[in-house]
Amino acid sequence: MLTTTTTKVLEPGDLDAALAVLDRDPVANAFVAARVQVAGLDPWRLGGEMWGWYADGRLESLCYAGANLVPIGASQEAVRAFADRARRAGRRCSSIVGPAEPTAALWSLLEPHWGPAREVRAHQPLMVTRSLPVDVDPDPLVRRVRKDEMELILPACVAMFTEEVGVSPLAGDGGLLYQARVAELVGSGRSFARVEDGKVVFKAEIGAATRHACQIQGVWVAPEHRGRGLSVTGMAAVLRYALREVAPVVSLYVNDYNAAARAAYRRVGFTETGAFMSVLF
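Computed from a prediction, not measured in an experiment: that's the story for all the values here.

**Examining the sheet that holds strand β12 (residues 271-280)**
Spatially, the 12 strands line up as an open sheet ordered β1-β2-β3-β4-β5-β12-β6-β11-β10-β9-β8-β7, and their pairing is mixed. Each edge of the open sheet carries a strand with a single partner, namely β1 (5-9) and β7 (143-144). When strand β4 (residues 68-72) meets strand β5 (residues 95-99), the two strands line up parallel, connected through 2 bridges. Across the sheet, the residue bridging to Asn68 is Ser95, located in β5. Of the strands in this sheet, β4, β5, β6 (119-129) and β12 touch helix α5 (residues 100-114), which is tilted by about 155 degrees from β5.

What follows is the structure, encoded as structure tokens:
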């Protein structure tokens, strides 16, 4: 018996079905799930479209198409359908990112039309923890960034982004969207830093949060302060906030070549449970 499949842009009435798909893997899907829980499926509020792939009338897979293109729970057939839709729409995203296997399949179909990419990071370990480290004391100087400290935290955020991604977040629109994102995290109490002599020496954000899981992003130590162990004690401090106040599971993903960061995360209890992939334009 043939399976009938279709792909469409989801509408607000599809919210419950979309959340059910996202809940199948709440850790890997935390970033998109957090956006959907806040904004729903209205493209203007969500910052992009949510595409749904249906098999016999049942929503099985998703693809977020905004600043990032993110396949979610995507089978090979769903990936092909999403790639066809993305190809016809033209590239509007600055990256393709998601679980490594479907992201690699999606990129293999889009590369002839969208390539070459500026950089492909094919294996970024997804790391998870559910408990505080027992042998690392959290840095007592790591604290929430206050709403009146945007001028303090923004230069550190820009430095982190530029170092990590390879381009400045202030390009294009002058950084308006990026500054708004930083302000959102500060305003929600999910931006953390250690400040010495009026400068940020360590920072991290809880960049996405649902009731099931949250994801730490933007971990950065000022270059002149590296080698002091600030990433270990700082991460322990952020973990304390995250596990006590946000969600029972904390995740992050890291570049596989960043041995120092992976070691620091393991030191505070993170273990590798999967892998992401990023294609940067």
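**Some details on the layout of surface pockets**
Roughly 190 Å³ of volume is contained in the second largest pocket. In terms of lining, the second largest pocket is formed by 13 residues, of which the most central are Trp51, Ala65, Gly66, Gly90 and Arg92. Mapped by element, the contributors of at least two residues to the lining of the second largest pocket are β2 (49-55), β4 and α4 (76-89). For the lining of the second largest pocket, the residue count by class is 7 nonpolar, 4 polar and 2 charged.

**Structural notes on the side chain of Gln124**
With respect to the helices, strands and loops of the structure, Gln124 is situated in strand β6. A polar side-chain atom of Gln124 sits 2.8 Å from a polar atom in the side chain of Asn255. The contact partners of Gln124, leaving out residues within four places of it in the chain, are Tyr253, Val254, Asn255, Asp256, Gly274, Ala275, Phe276, Met277 and Ser278.

Criteria and cut-off values
Residues numbered from 1 in each chain as written. Predicted model: local features only at pLDDT ≥ 70, side-chain atom pairs only at ≥ 80, totals over all residues. Heavy atoms only, no water. Pairing = 2+ DSSP bridges. Helix = DSSP H or I, 4+ residues; strand = E, 2+ residues; numbered from the N terminus. Contact = heavy atoms within 4.5 Å. Axes fitted to C-alpha atoms, helices over the stretch in contact; angles between N-to-C directions. 1 Å grid on protein atoms, 1.4 Å probe; cavity = no way out; pocket = protein on both sides within 12 Å on 5 of 7 lines; lining within 4 Å. Points joined across faces, edges and corners; volume = space filled by probe spheres on them. Nonpolar A, V, L, I, M, F, W, Y, C, P; charged D, E, K, R; others polar. Polar contact = N/O pair within 3.5 Å; in protein donor to acceptor, adjacent residues only side chain to side chain.

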